[in-house]
Each structure stands twice: as C-alpha cells, then as structure tokens.
Amino acid sequence: MAEPSLGVRRKSRPSSERKRSRAPVQSSAANSPVAPKRPSSGGEGPPPAEPPCCNDSEEDMFGDYDSFCGNDSLLAQVDDIEHKYLQDKNMNVKAAREITVGNLQSGIHQKKQDNFSASEKPSVLKADEEAACQVHDRDLVDGSREPAESLLDDLPSSQLLYFEKMNELSSAFRMSPDSKGRSECVNSSSDKIRSPLSYCADAEHRNRPMDFSSDTKCVLLKTESLKDHLKSAMTGNAKAQTLQVSKTKQLKEAILSEEIFVARKAIESSSVDIGPFYGLPSKVKDLFRQLRGIETLYEWQHDCLMLESLQQRKNLIYSLPTSGGKTLVAEIMILQELLCRQKDVLMILPYVAIVQEKIRGLSSFGIELGFLVEEYAGSKGRFPPIKRRVKKSLYIATIEKGHALVNSLIETERISDLGLVVVDELHMLGEGSRGAILEITLAKILYTSKNTQIVGMSATLNNVGDLQKFLRAEYYTNNFRPVELKEYVKIRDTIYAVDSKTENGFTFSRLLNFKYSSYLEKADPDHIIALVTEVIPNYSCLIFCPTKKNCENVASMVCKYLKKEFRAHREKEKQDLVKNLKSIGNGSVCPVLKQTIPFGVAYHHSGLTNDERKSIEEAYSSGVLCLLACTATLAAGVNLPARRVILRAPYVANDFLKKNQYKQMIGRAGRAGIDDAGESILIVQEKDKHLVRDLVNSPLENCYSNLLLELTKGMQSLLLSLVGLKIAVTCDEVNNFMCGTLLGVQQQLLSKEKSLSELIKDGLENLIEKGLLKGRISEKGHNSECTLTITPLGKATYKGSIDLAYCNLLYRDLKKGLEGLILESNLHLLYLATPYDVTSSCSPDWMIYLRQNVDSAVVNRLYLTFVLYNLVKETNIWNVSEKFNMSRGYVQNLLNSAASFASCLLHFCEELEEFWVYKALLTELTKQLTYCVKTELIPLMEVAGVLEARAKQLYNAGYKTLAHLANANPETLIKMIEHLSRRQAKQIVSSAKMLLSEKAEALQEEVEELLKVPTDIPGTH
Ligand SMILES: Nc1ncnc2c1ncn2[C@@H]1O[C@H](COP(=O)(O)OP(=O)(O)OP(=O)(O)O)[C@@H](O)[C@H]1O
Ligand SMILES: [Mg+2]
C-alpha cells in the first residue's frame, strides 16, 4: 500500500483494514468507454457564439475517441481492422470464442507479424454491448463462463495496441535472466510506484494489474482481475499521448484506473477515506510532486481534508493567510469529486487571466487522469455545457460566466450534475456588482441543488458568521503561513515593525542606511531606490503604486539612478525581452520599458496589452526582471511573488487603502517554494501616520451583500431570473428564496427602512413596469400564490446577461437597426455591439459634435465604434491606440468588453423572434471581436494562454492547427520558439491536448445523440 499522503500521516484506518475494504473490481462505465466507428465529420460548424473550431484536427480525432493523439497511420490501420472486423463479425465471434487466454497472446503476437491482419482481431466492444459487459462481469465472478470468452467480448479494438506492448514487455521479461527465479506472476519491475508482485501474491488483491507473461494457470486464477484491468489499462493506453508510451507508463495507468475505480467504489459505500491519497490514486500524489514540486502536505492541509464535515459533504469555508496553500486543498477536493464521485465541478475564480492560468495548470492533470477542463471566461464557454457521456468536466469560470453556466444548468434541469462548486477569493462577495453576481450564483445553487457541495476560501474574511449562515457552511481557519511575512512601515528614514501588541502598533526596527545626495533626496524623497537596492537584482521586488502613471514614473526614476552594474545582470535575456516586446508591438516598444528593462525593471498595469503583460510577467517570474512597479490589480492577479513588497503610498487612486487590499498586496511577499523570507514596507507620510496606524491594527473589512447597492445588476436581475428560470414564481417562493441570500442574512443591517418582503415587492413591481415580468403583486397576505411569468424581453435580458439598466434601450436600438441595418461594412453592427457601460469612460475630442446639442452617450458610443472598426480592420492595437490617442491597454479592454457584449447580444437576440436576422451576423462579429487577429491564428489562440504574439511565432514555425500543438513535442517547441520556457511549452501542449480532447468529446456526444434510437417511436413499446 502506498503512503497515505505526501508525507503527512493519516489518522484513518490501518492499511490492512483498508486493503480488506477494497471491493472486487467490476466493469465500470469509466473503465470501458465505447469506441464507436468513425462517422464522417461532415455537418455544420460549431454552434453560434462558439469559438471557431479547427476542422482539420477534428476529423482525425473523431473516429478515435480514445486515441486522438495517436499516430495517423496506425490509427488508420486500427480503423481498417475495425471496419473489416465489423463486416466479418459473425464469423469471427465464433472463432474468437475458441481462443484461450494463452493463444490470445500468441494470436496477438501473430497479428503483429501479420501487420494487424483483420481476421485475427478478437473482438470489438460495441455501444450496445456495454450493458452486457456488466452481465459478463457477474458471470465471471460466478466462474460460470469461459474467462477468455468474456475477456474477448469486452475488448475494444484499440486495446490491441496494449496487448502488443504487454506482449513485448513480457517477452523481454521472460528473456531476462533475473526473472527466472521469480514468481510466475511477477510483472515488470520497472514500475517504481509499487511492486506488482504483491498484487498476484495477495489473494485479497484480485483486482490488481496482471502480468501477461505469466502462465495460463495464473491468468485463469485472476481472470476477473485481468479482464477489468485490461479494460481500464487499455482505456488509459488508448488515451496516451503517443504510441511510444513506456511500459512503466502503461503499468502505472493500469494501476491508476484500478485505484480510481476502487476509490470510487469505496466512497460510494463509505464516507471514510480509504484510497491511497485522500481517496485518490497515488498517481495524483506523483502529479503534484512532478508538476508542482509539492512533496508533503502541510499539517493544516491534511487536517482540513480530514474534517468530519467534509467527509459528510457539508459546505465549507476555510480561511488562511495569503500563501497558506489553500489552492492545493481545493484541488484535492476537486479531483475527489471528478474521479471518485464522478460529478462535474465548477471552480469560480475572479479574473480571466487567473482562469487561463488555472486552465494551463490543471490541463495536465486532466490529461493524465481522464477528465475535461473547460474554460468559461470572456466569450468562451458553451451554454448549457455539453453533457458528457463518460468523462467528467471541470469548468473553470470567471464570476460572470460561472453565473451564466449555473443558469443554463438550472434551465436544463442538470444542476445536480454539479457535485462541487469551489469559490476562490470568497471575499469577492462583498465587492460591487461582481460580488452581487457571485451571491446570486451561490444562492441559486443552494436553493436548487441540495447535493451540490460549496467550498469557499479566502485569506481576507472577517464576518465569517454571516457567510456561514448564507452558505450553511462549516468553518476552518488556521494562522499557518509557510514563509514568515514581516510587516514594516517607513516614516521618513526610519523603518518600524508592525506590532499589534504595542500601544501605537509600531516598534522601531532600524534606520535606512543609504547616503543620499541633496539632488537625489529631491528626486527620490521616499527613498525608494534605497529600499529596492537592498534586494534587487538577486531577489525580486514589487512596488505597488496608487496610479498607472505613478507606476511608469517610479520605474523610470529608479532606473535613472541605478548603478550601471545592474545592466550586466542577465543582460542577454533582457535584450531578448525588449526584442520580443518590439515584435509584439509590430516594431514599436514603449519608451519607458525600453529605458527600464535593461536595468531589470518594468511597470505593470492595465495600460499594457495582454501580450505585453504576459511577457513582462514571465520575465519577472523567471528572474530576468527583478523589479515591477505595479497597480493594485496585480495583488489579486496572477501569482507573482516577491522577496520584498513596497507600498508606495497607502492609497489606491485617491482612496485610502482598505485593510483587505493591504493584506492582499503584502501577501505577495514570501511565497512558499520560491522565497524563504518575505517582508513588506509601507511608505507613510507624516500626515497619514494615524490613518496607517488604524489600518494595520484594524480587523479586515466585513463582507456585505451588494444585491441592494447594485440594483439593476443585483436584486432586480436576480428577481427576473428567478421567475425566468422558474426557480421561484410566486411571491411566497421568491420571499423564501431571498431569505436564503446573504442579503437575507444581513437584511436588518443593510436596509433599515424596508423589510425584505417590501424590497422584493418593490423589485417585482419595477420589473412588471419595465415590461420584463407579468403578473400582479398584491398587498401582504393576498394573492401571494399568484404566479409571475416572464415576458420575451425579460427572458432575452436574463439569457443575454444584459444589465437591466440598458435592456429597454438595447431593445429600441436593435429594433431601430431592423429599419435600416447598413451592411455595407460592419460599422453599424459594431455600433450595436459597443458596450453601453464603457461610454462614460470615453471623452472624444469632437468639438463640432459637442457644440451641437447631441446626446453624449450616443456620440461616445459612436466614437468607440470607430475605434473598434479600426481595430477589426487593422488588427493592430498599437496603431489604433496611436491613431485615437488612447492607451493600448484601454483599447484592448474595449475590444474584450465588446467581444463579451456581442456574445450577450447574440443570446439576447436568440430569444426574440423579430431579431432572427441578427443571429448570423452577430455570431461572426463575436468571433471577429474575440480574436481580432488574422484568421489563421484563431485556432492557436483558442488554446488557453496563447496570445497573439505567441500564436504568430507558433504559426511561423509551422504549428498551424490545434492538432499541431496538441501533438507537439515540448522539447522541439523550446528549440523552435524564442523566449519559450520548458514549463510554458509543456503547458501549451497540455492545454492544446485538453482542448482537442474536449472538442473530440463534444463531437462524439453529438453523434451519440444523433444516433440514439428514440424510446417513443410510434408503434413500438
Ligand atoms: N504542501 C505544500 N508544500 C509546498 N508548497 C506548497 C504546498 N502547498 C502549497 N504550496 C505552494 O505554496 C504557494 C502558495 O500556495 P497558494 O497559491 O495555494 O496560496 P493561497 O493560500 O491560495 O494564497 P492566496 O490567498 O495569496 O491566494 C504555491 O506556490 C503552492 O504551490
Ligand atoms: Mg489563492
């Protein structure tokens, strides 16, 4: 038995007891996916609003559902065999039944020599035989059937490959002199996970991987096990990336399938963890080690995973300091749900960039463990998601897309497919309209699916009681932080340690030791240079600045006074970075960055394009850059660690820093596995001293419901969708639902004048007035049973996730568009797809128009439409931002929000018959806006994290399709693509494989659905 966890001793039952509890393995759906014949790919393109697919790759993988990454010619051979086999099936089944296990092996050996001669193919598992397998299994246990017969019946064709490999393996083993003296059941000793010897030797472990080299007697004894393991292992084999899979890998996969099955069985029958790694296969442990470098779990992580309440599947909130390792616990729970309980999982993360980072990080797990990872961010994601036949899905979503996904699952009555919902950064519940959407999503899940477990985590929670009440959750907390974080403030030239035990909260630490000339004192009165040069270039440092402009100024100023020696540190890589940025900017590079990068310094804020941001983040992570001057967005953005974090001032823009923001920012310092120490220094002016004292000594802010504050995106939008989704359609039901929200919990605090039911009544009346709902709201006690219904406009609004503040205006604009839609160019359509809410941030220099008395909202929107129009035409953010004198980050944001809004608009129009014409037009426009690149790059950019610049490099190097990427060798990629690290190359390949697999599965599902024989054909029973 493998160690229970990565080094933390488990308190569960002793291993002997655990062994006994392993149920005999029987065939399971997951272990025996059907490999249907290759249908013709034909048909139409993807459904509307989907990212475009890469057709050339789909055709190949279509037929070979399990072995999509395999070598084409071999696939063709196998396919050919299948084809011939199906023709000769009747004849062959009879012949096959006469073959014993022993001659099966020789048959396969023969087959190899005969180049997969079709006549010798033992059997193919057909879809309609799947159910029969279970009967065969029972037969096997009874011993009433010939073992070889059932074995053969259950073998999908792709397993021939496995037989072949195993046969080779066993021959090699037989030839080895040391193998002679061993048990006849001995398997390859190359498997380092555990010795398969024990599997055969231990009578209790009848379900372990088998050795094909051993004699028939042994095989016969273990027939049941052999059959199941062949099936599961071969399934794994068929999914393998290449045909040159090592034997060890095959064996490991056999063990993995078995462990998943046993763990699943165990969890079904008991709530106690009896799997080797928290109920999961030991391969999971290996993956965490290989992919994350995690050797042992922290004690708290183990304790948390072993919580009684988790075993009982209660909801859970857990809170630990930043860098406490919260993600790992959530990921283990996610894997348990996907693999053991066989349920889908939704993981909600705050930003698109973090979603993409997670997709990249978890794709390898999905490939190795056989689940799908699906992206729901920006305009990506399918609603409702495709119902998978075999594999389970992990949906990784932003808050907004997570909400839309939950709506679509409720609407299609599939919400109980979600076994687990994980919310990272749970404190976001208190943050504006996004907080309101998160609250709505969680309240809907709580109300509609009693079996969906909710787990939320955060480093910055205060009023946990309210959140527990809302989520009906248990609470776990711990102060553990693997790397100590020392907090300091700097006032003039003195550094004080933050010490909550002392009266004024600070204790003297040291004087800054740096000789400033009077000139330098003037240029850098806050001694930033002194502070950063204590750590850089050998360690990394972040400076949080209040504004974007300030970031650029600080970066420039620091470099102006840094010694020349700083230029020598990793000089070549810094030159490469500048070159890379230049190629991203089509020849232009930001003058500030050009000046600062040679010193290892850069700025980072939303004014950069996504491509620039990514390059800078990567250079900083790898130590090429050692100092970033950044805005607060980086605190909750991607994981960029630092030895020292400096807060330039206790402000974000003009607002004094909040405790939560402060904690998140300083939390970037001293991340586990990267730094062994971390410190933060907050630069304080005399005038702010008292405020800072309050800041560092005060508790974290409370998390309050935003349903009322964000009325149109909050309360009203919730009421509309409750009726639309038929979650609650009478006033009583709506009241009931609302009592279960965070607003319901905090109502007395948040609305002193009106009761919850009065607030609801107002909201519903408003919706009726707006023409979004129909029905009558009566006075208290009367007519509370009256059913509310949604109007078509109401439905379109919630389906399109349109802010209620704009739905009527949008309807009018679209209606007007029908009168004379100008299709000579896409300008008119772009105007319709220009988001309403960005217009307030635009100030066009259009004196002529403004002097006339025109509606500035319309003018602004039109101006932005011109920006978008130029973008779509030119596909060059740099040129367009120059032309319109807007920052390239702003232009990029405009593009992203227009892409999102276009997809919302599409869903809106889909619900309203009169807007049918918009459907086709908007589908194409959404695609154009989503990618806004040359068409040939689109398939590559579908892969999470491949942005335009990388896509261009890949395309120019010959990687032109998704299939090229999915089958690429990371080592070759590194050699061919400049500035690509091994880790990035591996992640690109894994993400591409995952996407390809997801697309293949989707097509497979579609075929299955099409070919399904209806149960209600007239005249049949
Ligand atoms: N058991 C462990 N052993 C070693 N490193 C670990 C372990 N658990 C987590 N880590 C590492 O610690 C770092 C921080 O973990 P993680 O990102 O989960 O922190 P967090 O608690 O989510 O913090 P934050 O609140 O800032 O998001 C990561 O790099 C992660 O790989
Ligand atoms: Mg985290």
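As a reminder, the structure under discussion sits directly above these lines.
My aim in this report is to walk through the structure given alongside it, one point at a time. On a predicted model such as this, the values are computed, not experimentally measured, just so you know.

**Some points on the pairing of strand S13 (residues 627–630)**
Alright, step 1. Burial along S13 is two-sided: the face carrying Leu 627 and Ala 629 and the face carrying Leu 628 and Cys 630 are both buried.
Alright, step 2. With four bridges joining them, strand S11 (residues 541–544) and S13 adopt parallel strand pairing. Opposite Leu 542, over in S13, you have Leu 628 as the bridge partner.
Alright, step 3. Of the strand pairs in this sheet, strand S12 (residues 601–604) and S13 are connected by four bridges, and their pairing is parallel. In the sheet register, His 604 faces S13, and the bridge partner there is Cys 630.
Alright, step 4. Following the chain from S12 across helix H27 (residues 610–621) to the adjacent parallel S13, one finds a crossover that is right-handed.

**Quick word on the pattern of salt bridges**
Pairing between side chains of opposite charge can happen when their charged atoms approach one another.
Alright, step 1. In the structure shown here, the tally under the stated rule is 43 salt bridges.
Alright, step 2. Of the charged contacts in the structure, one is a salt bridge between Glu 400 and Arg 434, with a shortest N-O distance of 2.9 Å. Taken together, the residues Glu 400 in helix H18 (residues 399–411) and Arg 434 in helix H19 (residues 432–448) connect sequence positions 34 residues apart.
Alright, step 3. Linked through salt bridges whose partners overlap, the residues forming this network are Glu 374, Arg 382, Arg 388 and Glu 998.

**Focus: the sheet that holds strand S6 (residues 453–458)**
Alright, step 1. A sheet is described by the order of its strands in space; here seven strands give the open sequence S3-S4-S2-S5-S6-S1-S7, paired in parallel fashion. Two strands in the sheet have a free side with no partner beyond their single neighbour: strand S3 (372–376) and strand S7 (473–477). Averaged over all neighbouring strand pairs, the angle between strand axes comes to 15°, with direction disregarded.
Alright, step 2. Of the strand pairs in this sheet, S3 and strand S4 (residues 393–397) are connected by five bridges, and their pairing is parallel. Among the inter-strand pairings, Leu 372 is bridged to a residue of S4, identified as Ser 393.
Alright, step 3. Contacting strand S1 (315–319), S6 and S7, helix H20 (residues 464–471) runs over the sheet at an angle of about 145° to S7.

**Quick word on the packing of H19 against helix H32 (residues 731–739)**
Alright, step 1. Packing of H19 against H32 brings their axes to within 10 Å, and their N-to-C directions diverge by 115°. Our classification of the angle between H19 and H32 gives roughly perpendicular. Considering the relative orientation of H19 and H32, their crossing is right-handed. Contact residues: H19 offers Ala 443, Lys 444 and Tyr 447, while H32 offers Glu 733, Asn 736 and Phe 737.
Alright, step 2. Among the residues making up the contact of H19 with H32, the classes are represented as three nonpolar, one polar and two charged.

**As for the site of ligand 1**
Alright, step 1. In the vicinity of ligand 1 there are 17 residues, among which Thr 296, Ser 323, Lys 326, Thr 327 and Arg 671 approach most closely.
Alright, step 2. Between ligand 1 and Arg 671, the relevant distance is 2.8 Å, taken from an oxygen atom to a side-chain nitrogen or oxygen of the residue.
Alright, step 3. Partitioned by chemical class, the residues of the shell around ligand 1 number six nonpolar, seven polar and four charged.

**Here's the deal with the environment of Thr 865**
Alright, step 1. With respect to the element layout, Thr 865 can be found in helix H39 (residues 856–874).
Alright, step 2. A residue is classified by how much of its surface remains accessible, and Thr 865, at 0% relative accessible area, is buried.
Alright, step 3. Between the C-alpha atoms of Thr 865 and His 828, which are 37 residues apart in sequence, the distance is 8.5 Å.
Alright, step 4. The residues contacting Thr 865, other than those within four sequence positions of it, are Leu 827, Leu 830, Tyr 831 and Thr 834.

**Quick word on the packing of aromatic side chains**
Alright, step 1. In this structure the tally under the stated criterion is 17 aromatic pairs.
Alright, step 2. Here Tyr 376 and Phe 383 contribute two aromatic rings whose centre-to-centre distance is 5.4 Å and whose plane-to-plane angle is 65°, an arrangement assigned as edge-to-face.
Alright, step 3. On the basis of relative accessible area, Tyr 376 is assigned to the buried category, the value being 1%.
Alright, step 4. An aromatic cluster is present here, built from Trp 300, Tyr 318 and Tyr 476 joined pairwise through their rings.

**Digging into the environment of Glu 1001**
Alright, step 1. Here Glu 1001 is to be found in helix H47 (residues 982–1011).
Alright, step 2. Taking the C-alpha atoms as reference points, Glu 1001 and Lys 391, separated by 610 residues in sequence, lie 8.5 Å from one another.

Thresholds, definitions, all that
- Residues numbered from 1 in each chain as written.
- Chains lettered and ligands numbered in written order.
- Predicted model: local features only at pLDDT ≥ 70, side-chain atom pairs only at ≥ 80, totals over all residues.
- Heavy atoms only, no water.
- Buried < 20%, exposed > 50% of the residue type's maximum accessible area, 1.4 Å probe, protein only.
- Helix = DSSP H or I, 4+ residues; strand = E, 2+ residues; numbered from the N terminus.
- Pairing = 2+ DSSP bridges.
- Right-handed = clockwise from strand over helix to strand, strands pointing away.
- Salt bridge = Lys/Arg side-chain N within 4 Å of Asp/Glu carboxyl O.
- Axes fitted to C-alpha atoms, helices over the stretch in contact; angles between N-to-C directions.
- Contact = heavy atoms within 4.5 Å.
- Parallel < 35°, antiparallel > 145°, perpendicular 65-115°, else oblique.
- Left-handed = near helix turned anticlockwise from the far one by under 90°.
- Nonpolar A, V, L, I, M, F, W, Y, C, P; charged D, E, K, R; others polar.
- Near = heavy atom within 4 Å.
- Polar contact = N/O pair within 3.5 Å; in protein donor to acceptor, adjacent residues only side chain to side chain.
- Phe/Tyr/Trp six-rings, centres within 6.5 Å; stacked < 30°, edge-to-face > 60°.

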